[in-house]
Amino acid sequence: MADQIQIEPIPLSSAHAGSCDGCAVHNAGALLKLGVDMQNWDYVVALAGNPNTGKSTVFNALTGLRQHTGNWPGKTVARAEGGFLYADKRYKLVDLPGTYSLLATSLDEEIARDFILFGQPDVTVVVVDATRLERNLNLVLQTLEITERAVVCLNLMDEARRHKFQIDERRLARDLGVPVVPTAARQGEGLSELIQAVHEVATGQVTCKPYRMQKEPKAIKGALDRLVAQLISAFPGLPNARWVALRLLDGDESIVQAVRSGELGQLISGTPDVAQRQLTHQAA
Ligand SMILES: Nc1nc2c(ncn2[C@@H]2O[C@H](COP(=O)(O)OP(=O)(O)OP(=O)(O)O)[C@@H](O)[C@H]2O)c(=O)[nH]1
Ligand SMILES: [Mg+2]
């Protein structure tokens, strides 16, 4: 694939290689299809966020010169990929396109959403603008509907301080159910805490309990409940059945396609069963 990106894996200095094989959750096969080769890497971390929140600044600070840019396979959308070593673990970092949502209504949103959904990164860092928290939390909540492994990077804290905003990041972390790390990436502030939080989630030292919406409009409740029940019986263990059901009800083509092709089944360990084929048949 011409637009696939390659970066030199980071050599490990000690004999720790492979000691945490069971901890990584990423889907190496799906990642390869998305152009990310995980051979010789321990974890993959996705960087998501609204446009202009400092994703690339965080990316550059964490990866330094160890990075490459190219395109997403088959797309003209630019991607940066880099790596860093922390606590003897090799982390691959992928800078996703800046988006306001993950509803896949644009190519950028589709790329970001598919990476998180199918690639199942070990950690997704959502970089948010601390001076525009309300608007930025939309993407955080959508991300938490798809993945359980996230860290919120509360960036531009210098700007927030300048505007005299007071943000209770502990309360935010408690309410969201994921670590929240205040940073001022341009000044390098908070980045070691960010790496530490990423490491704790990647290695399972910290378990996230992401906030998920509980209520839905009455009009769709019946349909949603039925669809969720069907999805769970077709894909036992599907980590985000409610979100998938909502996307199906919304007519999201790539999710409909993922059900039809059985790709959705690959999100769960184990082989898809007969029920999945039934659902696939119904969806068709
Ligand atoms: N004051 C301040 N500026 C920052 C901080 N982090 C990034 N910036 C600046 O914000 C601007 C946008 O940063 P980028 O890293 O390009 O943001 P991005 O999210 O990658 O932007 P897109 O890729 O266009 O979506 C740049 O001018 C950065 O120097 C920060 O913590 N504080
Ligand atoms: Mg950028």
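1. Notes on the overall build of the protein chain
For step 1, the next point in the chain: Across its full length, the protein chain holds 11 helices and seven strands.
For step 2, the next point in the chain: Among the 284 residues that make up the protein chain, the fraction classed as buried is 38%.
For step 3, the next point in the chain: For the protein chain, long-range pairs separated by at least 24 residues make up 68% of all intrachain contacts whose partners lie at least 6 apart in sequence.

2. Quick word on unusual backbone geometry
For step 1, the next point in the chain: The backbone of Asn-40 sits at a positive phi, close to 70 degrees, despite the residue not being glycine.
For step 2, the next point in the chain: Relative to the elements of secondary structure, Asn-40 occurs in the loop between α1 (28-33) and β1 (43-49).
For step 3, the next point in the chain: Located in the positive-phi region is Leu-156, a residue other than glycine, with phi close to 60 degrees.
For step 4, the next point in the chain: Within the secondary structure layout, Leu-156 lies in the loop between β6 (150-155) and α5 (157-162).

3. Focus: the nonpolar core
For step 1, the next point in the chain: Membership of the largest hydrophobic core comes to 55 residues, with the highest contact counts inside it found for Leu-47, Val-126, Val-151, Val-152, Cys-153 and Val-198.
For step 2, the next point in the chain: Setting aside residues no more than four positions away along its own chain, Val-198 makes contact with Val-45, Val-123, Val-125 and Val-151.
For step 3, the next point in the chain: Grouped together as the second largest cluster of nonpolar side chains are 11 residues, Ala-234, Val-244, Ala-258 and Leu-264 included.

Calculation rules
- Residues numbered from 1 in each chain as written.
- Chains lettered and ligands numbered in written order.
- Predicted model: local features only at pLDDT ≥ 70, side-chain atom pairs only at ≥ 80, totals over all residues.
- Helix = DSSP H or I, 4+ residues; strand = E, 2+ residues; numbered from the N terminus.
- Buried ≥ 20, exposed ≤ 12 C-beta atoms within 10 Å, placed from the backbone.
- Contact = placed C-beta atoms within 7 Å.
- Core = buried A, V, L, I, M, F, W, Y, C linked by C-beta atoms within 7 Å.

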